[in-house]
Amino acid sequence: MSPIVQSLCRFYHSSIGKKIIVAVTGLGLMGFILGHLLGNLQIFLGPDTINTYAKKLHDLGLLLWVVRLGLLAMVAAHIVFTIQLTRENRTARKQKYALDGTRKATKASVIMIWSGVTILVFIIYHLMHFTITRTNGYYDPAVSRYWLPDGSHNVYNMMIDGFRVWYVSAFYILGMFLLCSHLSHGFASVFQTLGLATPRLRRPIHVASLIFAWGVFAGNVSIPLAILSGLKS
Amino acid sequence: MAVSQSSLNLTLKIWRQAGPDQPGRFDTHEAKGIPDSASFLEMLDIVNEGIITKGGDPVVFDHDCREGICGTCSMVINGMPHGPKRGVTTCQLHMRSFRNGDTIWIEPWRAKAFPVIRDLAVDRNAFERIQQAGGYITVRTGSAPEANSVPVPKDDADASFAAAACIGCGACVAACPNASAMLFTAAKLSHFNLLPQGKPEADKRTLAMVRTMDEQGFGNCTNHYECEAYCPKLISVETIRQMNRDYRNASARETAGV
Amino acid sequence: MISEVHDSPTHPGRVSDTPPDGSPTHVPLAQKWTTHKAESKLINPANRRKYTVIVVGSGLAGAAAAATLSEQGYNVKCFCYQDSPRRAHSIAAQGGINAAKNYQNDGDSVHRLFYDTIKGGDFRARESNVHRLAEVSVQIIDQCVAQGVPFAREYGGLLANRSFGGTQVSRTFYAAGQTGQQLLLGAYAALNKEIHQGLVKMYSRTEMLDLVVVDGHAKGIVVRDMVTGKISTHAGDAVLLCTGGYGNVFYLSTNAKGCNVTATWRAHKRGAWFANPCYTQIHPTCIPVSGDYQSKLTLMSESLRNDGRCWVPKRKEDCGKPPASIPEEDRDYYLERKYPSFGNLAPRDIASRAAKEQCDDGRGVGPGGLGVYLDFADAIKRLSEGKIRERYGNLFEMYEQITGENAYKQPMRIYPAVHYTMGGLWVDYNLMSNIPGLHVLGEANFSDHGANRLGASALMQGLADGYFIIPATLPNYLAGQKPGQFTSEGPEFRAAEESARERTRRLLSINGNRSVASFHRELGLLIWDKCGMARTREGLAEALKKIPDLREQFWKNVRVPGSGDSFNQELEMAGRVADFLEFGELLCLDAHTRDESCGGHFRMEHQVEGEADRDDANFSYVSAWEYTGDPGKSKLRKEWLDYEVVHFSTRSYK
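The structure reproduced in this document is the subject of the present report. Each residue is numbered by its place in its chain's sequence as written, counting from 1. Going through the entries in the order they are written, you letter the chains from A and number the ligands from 1. Given that the model is predicted, a residue must reach a pLDDT of at least 70 before its local features are reported, and side-chain atom pairs must reach 80 or more before they are shown or counted; all residues, however, enter totals for whole chains, interfaces and linings. Side-chain measures were taken over the full set of non-hydrogen atoms in the model, leaving aside hydrogen atoms and water.

**Focus on helix α9 (residues 348-360) of chain C**
All names here are of chain C.
Right, on to step 1. Counting from the N terminus, the helices are the DSSP runs of H or I reaching at least four residues and the strands are the DSSP runs of E reaching at least two. In this scheme, a helix's expected span is set at 1.5 Å multiplied by one less than its residue total. The end-to-end C-alpha separation of α9 is 18 Å, in line with the 18 Å expected for 13 residues at 1.5 Å each.
Right, on to step 2. Across the 13 residues that make up α9, a large majority, eleven, are buried.
Right, on to step 3. Categorising residues by exposure relies on relative accessible area from a 1.4 Å probe, with only protein chains included: less than 20% of the type maximum marks a residue as buried, more than 50% marks it as exposed, and the intermediate range marks it as partly exposed. The set of residues buried in α9 consists of R348, D349, I350, A351, S352, R353, A354, A355, K356, Q358 and C359.
Right, on to step 4. Backbone geometry just after α9 places G362 at a positive phi near 85°.

Printed below as a string of structure tokens:
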């Protein structure tokens, strides 16, 4: 094995190496979450804006696939390394304590693996719902309200109809809440794991973490709420 | 100025385990008339004295200096490593922190890397191996330069000292939901890596100690910071940040061969 | 075994029945160490690996010696009873370490440190050893800094100093209130470096039970693995005992619970002379006893006396009042009154006795009237609470943990407690005992502190012995030895191992109805009472009568539960207490024989206005006791102390 490969292998196998990979992929995914949110919020600017935006994304063609595969890789790495770390953590303490003495750990930090798993399920559902499957006849050429004259999707109408179903919105809101929980710990953790959260920055990072997590929650949830309440139709 | 003294009657649920491979269980012991000015270990002394006179086997627990510096005592009290008071070891915990009639659960540190030897005593040799891997500055006795020839900025010296205050008790591992030893390892690394004397070997030390830590069967840090909350010497997770940074840089330099 | 008789040059007509200390006699004091090193034997680096050195104890002296000898190429085996060498009780030293660096430009020098130490020791230490200690002190600081010991520093990045009792210069280096831990971590790191390379084999949770002597030479030890209970022997070419002091003979002391006299006592029973056992140090600033369940005493660094003022109420009837309600004019700042030039920084023995005096006078405060105030109100007014917190924060916290009182708001209560023992096995200038091959380092030997040790000197001595002295002097013995001459299969090894096993069996078979701790407590109380801060002829005679009785009861009625082949803490304690029960008698015998007062040994019959009244004409000797089979009938050998540079004077700190 060349020394370079050997060093890299040791890095991947080490606890901190794995943590860094989880942190870096987490950072990338947070970037995606922010972009996704900003895109979706354009619903409030009217059908034309969001539909044009969606068409622009679609027209990226190959580049879109590069981004999609990149995202997929990040999600996969984030999950694989998290599972490895979690399994090691579980075996590191077989016998539990009689009483729980948690003093500082937040609920969000303790349930990271569960919020993560739920988010994964949510993402699969979300992709099936809007990108892959044909629920609501989104991809049926005969349903004209989901198509624009130039042949691209009427994303605006797809969102309105999707979120009008109360249980779809409810699951979405639950998913967003767990994402918020995941981010509230994950955002600050990234900076600690990457060695950037200096004592002076720790407080601002913590605040930014909460703003980011709740901002993502509020932004994303505002859409189904607006639709359910009839503000958007 | 009289010191108020009252006494407590307590029910103790103590973990008893004959050996590393034996099953363990909680036994109930009554502790009667314990003075509230006694230390927690003195309370156990009183209980043990009672067990011995009744012909039983006393509870085995590690202890030595009984002034909070040797890091020997190690027990989880009601789910809390070193008990309910912050910034103290078990030996410095006094019974005035408890109330008459309390039930107290007493267990050993629980971690795969710290096998129970007997009752409340665990084997912490994993810590030894981590330190042996690189917890030093290679200096041969007699070859040291004049002490004041290298000025050390006061802030660096103070930060190094704050990390070096670690007493190696293992409460960080016991407190961590993942039984991770990162606060311990990070404290040892920061002690040396922050000083100019420790810089020449910093990369080598960081890689060696982190890798040895990984081999011991500890879990991984997931930034719960329970370690910091239970450290009797209040070592900050800032040391873990420094270790993460140093390991990241050392790995990069090792890969690139610089 | 060495046994020579020689005339004392400065005590005409006096004959020492110990051999000369072996320091060069043809050069002035200040050149002795340099000359001795130059004249010492050497061992070829290629041959050093063939020699095995056994180091017992891993505190400052042991860890430093093991690491340094290993660096030089010797094969080293190191043993400690703790689960990690880092936990040895050197770790608990708080205040600092002295060194004649004169960084403060306040007139310090090697000679002044030497002189302060001799005077502090009340003229009962060897000049040659003490001068060497002062010389080496300077190198220790260099070594520790290079190892990464995070000493306190000034803003400019250079090392800071503080002052300490018994001196008028600032020569103490420190790391907050944790100097012992930081220095030990330095030595421990050096040891780890050698362990990692496979050059030192470390045996933790392993207790020495006996010394193996072959043809009059120390060639091995018997140990017990405290986890498995296995008793075995280890052979070596030399044995180094770095096993600390015997303060736990008092039961309550500031020592760790595990500290014991077993290693040195067993060596004594194998022929090593025990020197000056009656020199015990009582530390003035400890937290008072609060009840009879108490298992140990906690010391707070003497450095507190830099800013704290000791006082008691002038009137007995004020003793129960809250201290804040006692006006300035009704307080007796007794140290400042009695010792105006040293004030609150009077040496330990003097400060301790002064506190006892006030309490004996009925003016003590706190439970049982056994305490005096150490008041920081003035310092807080002068410097601010923040500054005091920065200097002593951890000590104030510790005080609050134990007493539940906030010393920023009300004065601390302190009382003296046994802290350090100056006596120990007799050694020569090479740190070798009278048994060839048996070397004794640190607190375990008797050599440097005389009748009283100055603050911040114990760390200095442990490290001096380990890092710099033994590596230079050990070859003087080893060079004459064929390496690996004896193995642990030899008959002496078998016999020693069997006798250790038999003793364990005996302890387990008594099956009486008293716990080990109850005997220890009773012994401790008796010795504290009769051989503590103040001793009398009658009291000592009484103790000498009672101790053998207690010992007899112990062997009839102690209850040691469990078995020998498992982790059995009661068995460990039983073995140690059995040795304390023998050693305690020698301690009292030495105190009884030394019919004078000096340093930590205060005989009520010998005082002038409450101060120790030394009798230099008759007692300026080291008492080296030889075991004869009964500790009460030990044979006294005298090493007359020849002062060539320092002149006897009354130790005055007024």
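Once you've had a look at it, read on.
**Observations regarding the interface of chain B and chain C**
Right, on to step 1. Listed by partner, the interface residues are 77 residues for chain B and 86 residues for chain C.
Right, on to step 2. Summed over both partners, the accessible surface that disappears when two parts come together, traced with a 1.4 Å probe, is what is meant by buried area. Carbon and sulfur atoms supply 52% of the area buried between chain B and chain C, which totals about 6,400 Å² over both sides.
Right, on to step 3. The rule for a salt bridge is simple: a side-chain nitrogen of Lys or Arg has to be within 4 Å of a carboxyl oxygen of Asp or Glu. Here chain B and chain C share five salt bridges between them.
Right, on to step 4. A salt bridge links K296 of chain C to E67 of chain B; the nearest nitrogen and oxygen atoms lie 2.6 Å apart.
Right, on to step 5. Looking at the side of chain B that touches chain C, the elements with two or more residues in it are α1 (40-53), β6 (116-118), β7 (121-122), α2 (125-134), α3 (154-164) and α5 (182-193) of chain B.
Right, on to step 6. Class assignment for the residues of the side of chain B that touches chain C results in 37 nonpolar, 22 polar and 18 charged. Contacts between residues were defined by any pair of non-hydrogen atoms, one from each residue, lying within 4.5 Å. Asp, Glu, Lys and Arg are counted as charged, while Ala, Val, Leu, Ile, Met, Phe, Trp, Tyr, Cys and Pro are counted as nonpolar; the rest, among them Gly, fall into the polar class.

**Some words on the packing of aromatic side chains**
All names here are of chain B.
Right, on to step 1. For this analysis, a ring pair means two rings from Phe, Tyr or Trp (six-membered ring only for Trp) whose centres lie within 6.5 Å, classed as stacked if their planes differ by under 30 degrees, edge-to-face if by over 60, and tilted for the remaining angles. In this structure the tally under the stated criterion is 44 aromatic pairs over all chains.
Right, on to step 2. With a centroid separation of 5.7 Å and 40° between ring planes, the pair formed by F40 and F98 is classed as tilted. Within this pair, whereas F40 is found in helix α1, its partner F98 is found in the loop between β4 (80-81) and β5 (103-107), the two being separated by 58 residues in sequence.
Right, on to step 3. Relative accessible area serves as the criterion here: at 0%, F40 is assigned to the buried category.
Right, on to step 4. Take F98: its relative accessible area is 7%, and that puts it in the buried class.

**Focus on α5 of chain B**
All names here are of chain B.
Right, on to step 1. End to end, α5 covers 15 Å across twelve residues, agreeing with the expected 16 Å (1.5 Å per residue, within 8%).
Right, on to step 2. In terms of residue burial, α5 counts as a mostly covered element, since twelve of its twelve residues are buried.
Right, on to step 3. Residues M182, L183, F184, T185, A186, A187, K188, L189, S190, H191, F192 and N193 constitute the buried set of α5.

**A short note on the layout of surface pockets**
One way to see where empty space is left: roll a probe the size of a water molecule over the atoms.
Right, on to step 1. Residues are said to line a cavity or pocket when one of their atoms sits within 4 Å of a point; the points come from a 1 Å grid over protein atoms alone, cavities being sets where a 1.4 Å probe fits but cannot get out and pockets being open sets with protein on both sides within 12 Å along at least five of seven lines. Grid points are joined across faces, edges and corners, and a volume is the space filled by probe spheres set on the points. Each pocket or cavity is described by its volume, and for the second largest pocket that value is around 1,400 Å³.
Right, on to step 2. Lining of the second largest pocket is provided by 50 residues; of these, F161 of chain B together with A176, G177, E390 and N394 of chain C occupy positions nearest its centre.
Right, on to step 3. Listing elements by their share of the lining of the second largest pocket, those giving two or more residues are α3 of chain B together with α11 (385-403) of chain C.
Right, on to step 4. Looking at the lining of the second largest pocket, the element that brings in the most residues is α11 of chain C, giving twelve residues.

**A look at unusual backbone geometry**
Right, on to step 1. The phi torsion at H82 of chain B lies on the positive side, around 65°, for a residue other than glycine.
Right, on to step 2. Even without being glycine, N105 of chain C reaches a positive phi, approximately 60°.
Right, on to step 3. For N105 of chain C, the position within the fold is in the loop between β5 (97-98) and α4 (110-120).

**Observations concerning empty space enclosed by the protein**
Residues and elements named next belong to chain C.
Right, on to step 1. Scanning the entire structure with this criterion turns up five cavities of 30 Å³ or more.
Right, on to step 2. Of the pockets and cavities examined, the largest cavity occupies roughly 850 Å³.
Right, on to step 3. Around the largest cavity, the lining comprises 50 residues; the ones closest to its centre are H89, S90, G244, G245 and E443.
Right, on to step 4. Considering every element that reaches the lining of the largest cavity, the biggest residue donor is helix α12 (residues 458-478), with four residues.
Right, on to step 5. Considering only residue class, the lining of the largest cavity consists of 20 nonpolar, 24 polar and six charged.
Right, on to step 6. Taken domain by domain, the lining of the largest cavity gets at least three of its residues from each of domain 1 (17-279 + 422-478) and domain 2 (284-419). All the domain ranges listed were derived from an automatic or database domain assignment.

**Section: the packing of helix α1 (residues 3-13) of chain A against helix α8 (residues 238-256) of chain B**
Right, on to step 1. For helices, the fitted line uses only the C-alpha atoms of the stretch in contact; every axis is such a line through C-alpha atoms, and the angle between N-to-C directions lies from 0 to 180 degrees. Between α1 of chain A and α8 of chain B, the least distance of the axes is 8 Å, while the angle of their chain directions is 160°. As far as their axial angle goes, α8 of chain B and α1 of chain A are roughly antiparallel. In the packing of α1 of chain A onto α8 of chain B, the handedness of the crossing is left-handed. Contacts from I4, S7, L8, R10 and F11 of chain A in α1 of chain A reach Y247, S251, E254 and T255 of chain B in α8 of chain B.
Right, on to step 2. For the contact of α1 of chain A with α8 of chain B, a count of residues per class yields four nonpolar, three polar and two charged. Any angle that falls under 35 degrees is termed roughly parallel, while one over 145 is termed roughly antiparallel, one within 65 to 115 roughly perpendicular, and all others oblique. Should the near helix be turned anticlockwise from the far one by less than a right angle, the crossing is termed left-handed; should it be turned clockwise, right-handed.

**Thoughts on the side chain of S16 of chain C**
Right, on to step 1. Note on placement: S16 of chain C falls in strand β2 (residues 15-16).
Right, on to step 2. Reaching out from S16 of chain C, the side chain makes a polar contact with the backbone nitrogen of W640 of chain C at a distance of 2.8 Å. We define a polar contact as two N or O atoms separated by no more than 3.5 Å, with the added condition that, inside protein, one atom must be a possible hydrogen donor and the other a possible acceptor, whereas residues neighbouring each other in sequence contribute only through side-chain atom pairs.

**A look at the pairing of strand β11 (residues 238-241) of chain C**
Residue and element names in this part refer to chain C.
Right, on to step 1. Residues A238 and L240 point to one face of β11 and V239 and L241 to the other, with burial holding for every one of them.
Right, on to step 2. Across four bridges, the pairing between strand β3 (residues 52-56) and β11 is parallel. Opposite V53, over in β11, you have A238 as the bridge partner.
Right, on to step 3. Paired strands are those between which DSSP finds at least two bridges. Where β11 and strand β19 (residues 438-440) come together, three bridges link them in parallel fashion. Of the residues in β19, the one forming a bridge with V239 is L438.

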